[in-house]
Amino acid sequence: MSGPLVVLVGPMGVGKSTVGELLADRLGTGYRDTDADVVATAGKPIPEIFYDEGEEHFRELERRAVHTALAEHTGVLSLGGGAVLDATTRALLAGHPVVYLSMEVEEAVRRVGLSTARPLLAVNPRRQWRELMDARRHLYTEVARATVATDERTPEEVAQAVLDALELPERTGAPVAPGRESTPMTEQGPIRIPIAGSAGTDPYDVLIGRQLLGELPGLIGDRVKRVAVLHPEALAETGEAVRQDLAGQGYEAIAIQLPNAEEAKTAEVAAYCWKALGQTGFTRTDVIVGVGGGATTDLAGFVAATWLRGVRWIAVPTTVLAMVDAAVGGKTGINTAEGKNLVGAFHPPAGVLCDLAALDSLPVHDYVSGMAEVIKAGFISDPVILDLVEADPEGARTPTGPHTAELIERAIKVKAEVVSSDLKESGLREILNYGHTLAHAIEKNERYKWRHGAAVSVGMVFAAELGRLAGRLDDATADRHRTVLESVGLPLTYRGDQWPRLLETMKVDKKSRGDLLRFIVLDGLGKPTVLEGPDPAVLLAAYGEVSA
């Protein structure tokens, strides 16, 4: 029978893609993933297919993708975790060299970790995993010619076991399949970006990767007795899963549910958290974990800074915005009626876990909003970010894009370099506020109903025009703001009649000095600087360029 040399089946998170790519390299052939085929056909990530059209529609797309791949592909093929549920698919697999990659529940929890991207794994890992496997294990074994356990094995060891099970000779010296030249040959651990400490603060690491839940106890430490997991209502299952996992590690873990988004950043919510900590006997040696977007990590850090004059905390950001901005650097705060983040403290975390799998289920508008901060990092420091976005704007709009991990890593490194040398925004750190002066005014004017990234996008276009009108910035770089931001779907304009209100709000911005307005502008690409007290006519003219 013609068809693939190897077909890999097994549950989510077992490593089919990693092992499949290794096998393709060793066999000198191509690799194909039916999940990727489904995404390409639908034009959206799998979680969005589930949420928009339902599981039945996804399964039909999956069945067609498997049928096509089995007929066309002659290399290594991996199927989605639930593909074997379809009886037609199981019949099609008959006679093909199918290998079932298996793993036990504890290994699954470690690997799947905090991923909220699994539509059928509502992140109560152990219970959901057992239910899924009870329904599917017999189907995997039914279609498989061989079973290879992956527990406590490296991807290389699993690949070798597959070759041995099917008695396939490794083709040493064979050409690498097209498009595979840059694929890593070994499973890498998380990327670690160090953040230097300053007077009175300790250094810490930002970890970037997937399935990072297993890293959390190491950051918390053995001396800690109690852990409070702060999470928004929208991530109630995730928060409870983290709490249960920590309780299983021997900690006295509690979960504190917060309102969603900016509604969490109030004095009333902070007071609610203080009360919960007091009632559970939270001491100075205990730890707070903030799981969620930027508003959650801002509030969690602020509660940690103010409880007993400062306890350790760990950020587990679940959005692009939180990963590249809010969770890194130690700026914590809450909002007041007078403005955003006017009450706060500099209180760096003990560590940050950026689990990229959490991004897979983000609504597209939330994901794109976070890209504004990534693009900002490109303009103020790392132009390679802009090159990557321009090379594939559509890919930059989704967590499945080819440059997602690199974009996030580069943006975090920009912020890490800045905050490591200027914790308390006394100098260099001001450059991170590029586009934020107007953005914060827009957010307040919209009563925080606008997404932060959308406001920052308009703010950066305004800052670019301000720099151009002030004779600081060349036309090409100013215009590039518009093209890059628009290419990923970010807004470029705001209501023209709101200028007087926005101007008054900007006068109480944290970056102002007395009555002197201060803006971060560019002297050129990657050359941010401060513009103090610009002529009111220039300000008005710049705003005219972003007025709708």
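Located above this text is the structure these notes cover.
Parameters and conventions
- Residues numbered from 1 in each chain as written.
- Predicted model: local features only at pLDDT ≥ 70, side-chain atom pairs only at ≥ 80, totals over all residues.
- Heavy atoms only, no water.
- Helix = DSSP H or I, 4+ residues; strand = E, 2+ residues; numbered from the N terminus.
- Expected span 1.5 Å × (residues − 1).
- Buried < 20%, exposed > 50% of the residue type's maximum accessible area, 1.4 Å probe, protein only.
- Pairing = 2+ DSSP bridges.
- Salt bridge = Lys/Arg side-chain N within 4 Å of Asp/Glu carboxyl O.
- Phe/Tyr/Trp six-rings, centres within 6.5 Å; stacked < 30°, edge-to-face > 60°.
- Axes fitted to C-alpha atoms, helices over the stretch in contact; angles between N-to-C directions.
- Parallel < 35°, antiparallel > 145°, perpendicular 65-115°, else oblique.
- Left-handed = near helix turned anticlockwise from the far one by under 90°.
- Contact = heavy atoms within 4.5 Å.
- Nonpolar A, V, L, I, M, F, W, Y, C, P; charged D, E, K, R; others polar.

**As for helix α12 (residues 294-306)**
For α12, built from 13 residues, the straight-helix expectation of 18 Å at 1.5 Å per residue is met to within 8% by its first-to-last C-alpha distance of 18 Å. With 12 of 13 residues buried, α12 is to be regarded as a mostly interior element. If you check which residues of α12 are buried, you get Gly294, Ala295, Thr296, Thr297, Asp298, Leu299, Ala300, Gly301, Phe302, Val303, Ala304 and Ala305. After α12 finishes, the residue Leu308 shows a positive phi value of roughly 55°.

**Remarks on the pairing of strand β1 (residues 6-9)**
Burial along β1 is two-sided: Val6 and Leu8 facing one way and Val7 and Val9 facing the other are all buried. Note that β1 and strand β3 (residues 76-78) share 3 bridges and pair parallel. Each residue of the ladder has a partner; that of Val6, found in β3, is Val76.

**A short note on the pattern of salt bridges**
Taken as a whole and assessed by the stated rule, the structure comprises 34 salt bridges. A salt bridge links Asp298 to Lys265; the nearest nitrogen and oxygen atoms lie 2.7 Å apart. Pair noted here: Asp298 is in helix α12 and Lys265 is in the loop between β9 (252-258) and α11 (267-279), with a separation of 33 residues, a long-range link. Neither residue differs from the other here; Asp298 and Lys265 are each classed as buried. Connected via shared salt-bridge partners are Glu465, Arg468, Asp475, Asp479 and Arg482.

**Focus on the packing of aromatic side chains**
Any two aromatic rings considered together are summarised by their centre-to-centre distance and by the angle between their planes. On inspection of all chains with the given rule, the structure shows 7 aromatic pairs. Between Trp274 and Phe302, the aromatic rings sit 6.4 Å apart at their centres with planes inclined by 45°, giving tilted as the arrangement. Placement of the pair is Trp274 in helix α11 and Phe302 in helix α12, with a sequence separation of 28 residues. With a centroid separation of 6.5 Å and an interplanar angle of 65°, the aromatic rings of Phe462 and Tyr543 are classed as edge-to-face. Of the two residues, Phe462 is situated in helix α19 (residues 452-469) and Tyr543 in helix α22 (residues 536-544); the sequence distance between them amounts to 81 residues. Every member of this aromatic cluster is reached through a ring pair, and the members are Phe462, Trp499, Phe519 and Tyr543.

**Points about the sheet that holds β1**
Across a sheet, paired strands are connected by hydrogen bonds in the backbone, their directions being either parallel or antiparallel. Spatially, β2-β3-β1-β4-β5 is the arrangement adopted by the 5 strands of the open sheet, whose pairing is parallel. The sheet is open, and its two edges are formed by β2 (31-33) and β5 (146-149), each paired on a single side. Averaged over all pairs of adjacent strands, the angle between strand axes in this sheet comes to 25°, irrespective of strand direction.

**Some remarks on the packing of helix α1 (residues 16-27) against helix α8 (residues 155-166)**
Running from N to C, α1 and α8 cross one another at 60°; their axes reach a closest spacing of 9 Å. Here α1 is positioned oblique relative to α8, judged by the angle of their axes. Note on packing geometry: the crossing formed by α1 with α8 is right-handed. Taking contact as the criterion, the partners of Thr18, Val19, Leu22, Leu23, Arg26 and Leu27 in α1 are, on α8, Pro155, Glu156, Val158, Ala159, Gln160, Val162 and Leu163. Counted by class, the contact of α1 with α8 contains 9 nonpolar, 2 polar and 2 charged residues.

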